[in-house]
Amino acid sequence: MATPVTPRTYNADPLRSYKFRVKIDGNNGIEVGDLGFQSVSGLGHTVEVIEYREGGDPEFMKKLPGMSSFDNLTLERGKYLGTQGADLLRWLKRVYDPLNDTHNNDFRATVRITLFHTNGGRVACQWVCYQAWPVNYSVGDLQTSSSELLIDTVEIAYEFMTQTYFDESGGKID
């Protein structure tokens, strides 16, 4: 008699992606702080695959893990006036200031992206991107026929990332 197969069940819902916070801080005075973004993408990690053939095995390729690489983050938010709008531009200026022709070496920061549970506001998951710095900044199209928000887009390179999950009581899950 065959053993019945039962589906795997979970006692928690999948995480929703709309309740998150981005914080950028670093050494040497970089304090961009907590920022409101409408979109974050680029939390990705790829490991290169190295294929080789062993001398005595002509039929199958062997595979080894190679170099790791991380995608660039893309952050989008509505355009702000005043100091709230200048925070990201100050950070970009630390990388390269064309008017003063300066190239500072203290532009790297840590970007923390925290995802919250939809009920109770507890932390569900956190990504920390290390040695991050802005590589691209763009502003959406200006159009007289549109009443949409003007969107700032910032692309950020980072060297490596960690991801942490948290349980219902807020403790880290290893």
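Residues numbered from 1 in each chain as written. Predicted model: local features only at pLDDT ≥ 70, side-chain atom pairs only at ≥ 80, totals over all residues. Heavy atoms only, no water.

**Q** Help me out: how do you make sense of the pattern of salt bridges in this one?
**A** In a structure, side chains of opposite charge can pair up when their charged atoms sit close to one another. Scanning all chains against the criterion turns up two salt bridges. We note a salt bridge from Glu-51 to Lys-63, for which the minimum N-O separation is 3.8 Å. With Glu-51 in strand E4 (residues 45–52) and Lys-63 in strand E5 (residues 62–70), the pair connects residues that are 12 residues apart, well separated along the chain. The residue Arg-108 makes a salt bridge to Glu-159 at a minimum N-O spacing of 3.0 Å. With Arg-108 in the loop between helix H1 (83–95) and strand E7 (109–116) and Glu-159 in the loop between strand E9 (151–157) and strand E10 (160–166), this residue pair connects regions lying 51 residues apart in the sequence. Since its relative accessible area comes to 30%, Arg-108 is described here as partly exposed. Exposure remark for Glu-159: the relative accessible area of 45% places this residue in the partly exposed category. (Salt bridge = Lys/Arg side-chain N within 4 Å of Asp/Glu carboxyl O. Helix = DSSP H or I, 4+ residues; strand = E, 2+ residues; numbered from the N terminus. Buried < 20%, exposed > 50% of the residue type's maximum accessible area, 1.4 Å probe, protein only.)

**Q** Even after reading the chapter, I still don't get the pairing of E10, so can you show me in this structure?
**A** For a regular strand, side chains alternate in direction, first toward one face of the sheet and then toward the other. In terms of strand pairing, strand E8 (residues 123–139) meets E10 through six bridges, oriented antiparallel. Considered in E10, the bridge of Gln-126 is made with Thr-164. One ladder, built from two bridges, connects E10 with strand E11 (residues 172–173); its direction is antiparallel. Along E11, the bridge assignment pairs Tyr-165 with Ile-173. (Pairing = 2+ DSSP bridges.)

**Q** What should I look at first to understand the side chain of Thr-114 in this one?
**A** Secondary-structure assignment places Thr-114 in strand E7. Within the structure, the side chain of Thr-114 is placed 2.9 Å from the side chain of Gln-126, a separation counted as a polar contact. Not counting chain neighbours up to four residues away, the residues in contact with Thr-114 comprise Lys-19, Phe-20, Arg-21, Val-123, Cys-125 and Gln-126. (Polar contact = N/O pair within 3.5 Å; in protein donor to acceptor, adjacent residues only side chain to side chain. Contact = heavy atoms within 4.5 Å.)

**Q** So what exactly am I meant to see when it comes to the packing of aromatic side chains here?
**A** The geometry of an aromatic ring pair is captured by the separation of the ring centres together with the interplanar angle, meaning the angle of the planes. All chains considered together, the criterion is met by three aromatic pairs. Plain terms: the ring middles of Phe-107 and Trp-133 are 5.5 Å apart, the flat faces sit at 65° to each other, and that makes the pair edge-to-face. Pair noted here: Phe-107 is in the loop between H1 and E7 and Trp-133 is in strand E8, with a separation of 26 residues, a long-range link. On the basis of relative accessibility, which here comes to 12%, the residue Phe-107 falls in the buried class. (Phe/Tyr/Trp six-rings, centres within 6.5 Å; stacked < 30°, edge-to-face > 60°.)

Just geometry here; none of it tells us what the structure is for.
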